[in-house]
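Residue strings, one per chain:
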Amino acid sequence: MTNLLEVKNLNIEYESNRGKVHAVNNVSFSIKKGEIFGLVGESGCGKSTTAFGISRLLRPPAQITGGSIKLNGTELMNLSEQEFDKIRWNKISIILQSAMNNLNPVIKIQDQLLDAILAHKKMNVKEAIKHAKYLFSLVDIQSDRLNSYPHELSGGMRQRVVIAMALALKPDLIIMDEPTTALDVVVQNGIINKILTLQKEFGFSILFITHDLPLMLEICDRVGVMYAGELVEVMKREELLHGARHPYTKGLLQSFPPLKGKKTRLKGIPGNPPDLITPPKGCNFHPRCPHAMTQCMEYEPQILGDEKGLVACHLYRVEGDTLEQISATSERY
Ligand code: SF4
C-alpha cells in the first residue's frame, strides 16, 4: 500500500502569557491508502492539535512552525488558503467530537448539507438534494429527517449526519477527532460499526483520534502513541496489545480493565503530564517513568525503528535490523 498522508517533523506552537507552548514537537508519521491510523494519548498530548494542523483548522495564537504535510505527494504547507479550500471536504474532511460543534443549530440540516455539496460539486439544487438523500441512506437516516433542525435529532443521529457530511465529496482521508466520546456505549458501538462498514465500502483512510486505547485497539490498523506533544511509539494494533515497548504505552495499557480473563488491579500512571512551556530536560516522560535512568534526565531519546514499529526510549538500541531492549532496571526507584 502506498502512503496517502506523510507528516514529517511537524511542529506546532502557540503563545501564552507565560511563554511559548510546544504543543506538537517533531511529529512524523504516515497513513497508507485505505488504512485506519490511530493517535492516542492523554488529554493535552497534542493529538487534536496535530489533526487541526493537518486540516488547517488551527486558530491563532496556534501556528505551525515547521515540518511537512504531504497528501498524495502534494505538499499542503505550500498551498494558499484558496488552494487548500479545494482540498478541504474534497480530499480531507474532519469529524469533531461533538456533532453540535459541526452543525449550526439554527439552520435546517438539509440546508447545511446542500451548502457543503453545492460549494464543491458541480450540481444543481435538485441533484444536490438527491445526493443528500443518498448520503442519509448511507448512514441509515430516513430522508425526511433532512428537514429537521439539529436539536430535533438524537446525539447518535446528529453524529451520523456529520459522518454523512464528511462523506459528501468522497474524500481520501477522514480525520475523526473523538467522534464517539460524547455518546453512550450502545450508540457508540453503532456509530463505530457504521464507520467501519463505510470505510470498507469506499476505501478512504482514517486518522482516528481518541484517548480510549481499548477502542483504538479494536478498530485501527496501526496506532501512534503521543505524550507531551511527541510521538513516542508507533505499532501495528495486534503487536501493540501484547508487545508495546514504551513505558508510557505499557502504562496506558495497564490503565484499562480487560473485558476478559482474570480480574487484576489497575496500575495507572502516577503523576501528570509536564507543563509544555517548560518541559523537563531529556525524556519528557522521565518524571513518571518507572525505568528512568540518568541518561533519561539528560538526553532526549531519538525515535528508532524496526519492522515491528517505532519507539523513542533509551531502553532500546539498534542491533542489526531490530531493536533490542537493554536491562530495564531503574536507577531512580
Ligand atoms: Fe523511561 Fe527513559 Fe524510556 Fe523516557 S527514555 S520512557 S524515562 S526509560
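Residues numbered from 1 in each chain as written. Predicted model: local features only at pLDDT ≥ 70, side-chain atom pairs only at ≥ 80, totals over all residues. Heavy atoms only, no water.

Peer 1: Hey, could you run me through the site of the ligand in this one?
Peer 2: The environment of the ligand is made up of 13 residues, and the closest members are Cys-283, Cys-289, Cys-296, Cys-313 and His-314. Looking at the shell around the ligand, its residues break down into nine nonpolar, four polar and no charged. (Near = heavy atom within 4 Å. Nonpolar A, V, L, I, M, F, W, Y, C, P; charged D, E, K, R; others polar.)

Peer 1: When you look at the sheet that holds strand β2 (residues 19-32) in this model, what are you seeing that I'm missing?
Peer 2: The strands making up a sheet associate through backbone hydrogen bonding, with each pair oriented either parallel or antiparallel. Across the sheet, four strands lie side by side as β2-β1-β4-β5; this open sheet has antiparallel pairing. At either end of the open sheet lies a strand with only one pairing partner, and these are β2 and β5 (74-75). Each of β1 (3-16), β2 and β4 (62-71) is contacted by helix α1 (residues 47-54), which is oriented at about 110° to β1, the strand it contacts most. (Pairing = 2+ DSSP bridges. Helix = DSSP H or I, 4+ residues; strand = E, 2+ residues; numbered from the N terminus. Contact = heavy atoms within 4.5 Å. Axes fitted to C-alpha atoms, helices over the stretch in contact; angles between N-to-C directions.)

Peer 1: It is not clear to me how helix α6 (residues 155-167) should be interpreted in this structure. Could you clarify?
Peer 2: For α6, which comprises 13 residues, the first-to-last C-alpha distance of 19 Å matches the rise-based estimate of 18 Å (1.5 Å per residue) to within 8%. Within α6 the residues assigned to the buried category are Gly-156, Arg-158, Gln-159, Arg-160, Val-161, Val-162, Ile-163, Ala-164, Met-165, Ala-166 and Leu-167. (Expected span 1.5 Å × (residues − 1). Buried < 20%, exposed > 50% of the residue type's maximum accessible area, 1.4 Å probe, protein only.)

Peer 1: Teacher, can you tell me more about the packing of α6 against helix α7 (residues 185-202) here?
Peer 2: How two helices pack is summed up by the angle between their axes together with the distance between the axes. Relative to each other, α6 and α7 sit at 15°, their axes nearing to 10 Å. The orientation of α6 with respect to α7, classified from their angle, is roughly parallel. As α6 packs across α7, the resulting crossing turns out to be right-handed. Touching Gly-156, Gln-159, Arg-160, Ile-163 and Leu-167 of α6 are Val-187, Gly-190, Ile-191, Lys-194, Ile-195 and Leu-198, all from α7. Residue classes in the contact of α6 with α7 are distributed as six nonpolar, three polar and two charged. (Parallel < 35°, antiparallel > 145°, perpendicular 65-115°, else oblique. Left-handed = near helix turned anticlockwise from the far one by under 90°.)

Peer 1: How should I be thinking about the sheet that holds strand β6 (residues 92-95) in this particular structure?
Peer 2: Strand order across the open sheet formed by eight strands is β6-β7-β8-β3-β9-β10-β12-β11, with mixed pairing between neighbours. Since the sheet does not close on itself, it has two edges, and those belong to β6 and β11 (303-306), each with one partner. Geometrically, the sheet is characterised by an average inter-axis angle of 20° between neighbouring strands, direction not taken into account. For strand β10 (residues 230-236) and strand β12 (residues 309-312), the ladder comprises three bridges, and the chain directions are antiparallel. Each residue of the ladder has a partner; that of Val-234, found in β12, is Leu-310. The strands that α6 touches are β6 and β7 (173-177); relative to β6, the one it contacts most, it runs at about 175°. Across the sheet, α7 lies against β3 (36-40), β7 and β8 (205-210), angled at about 160° from β8, the strand it touches most.

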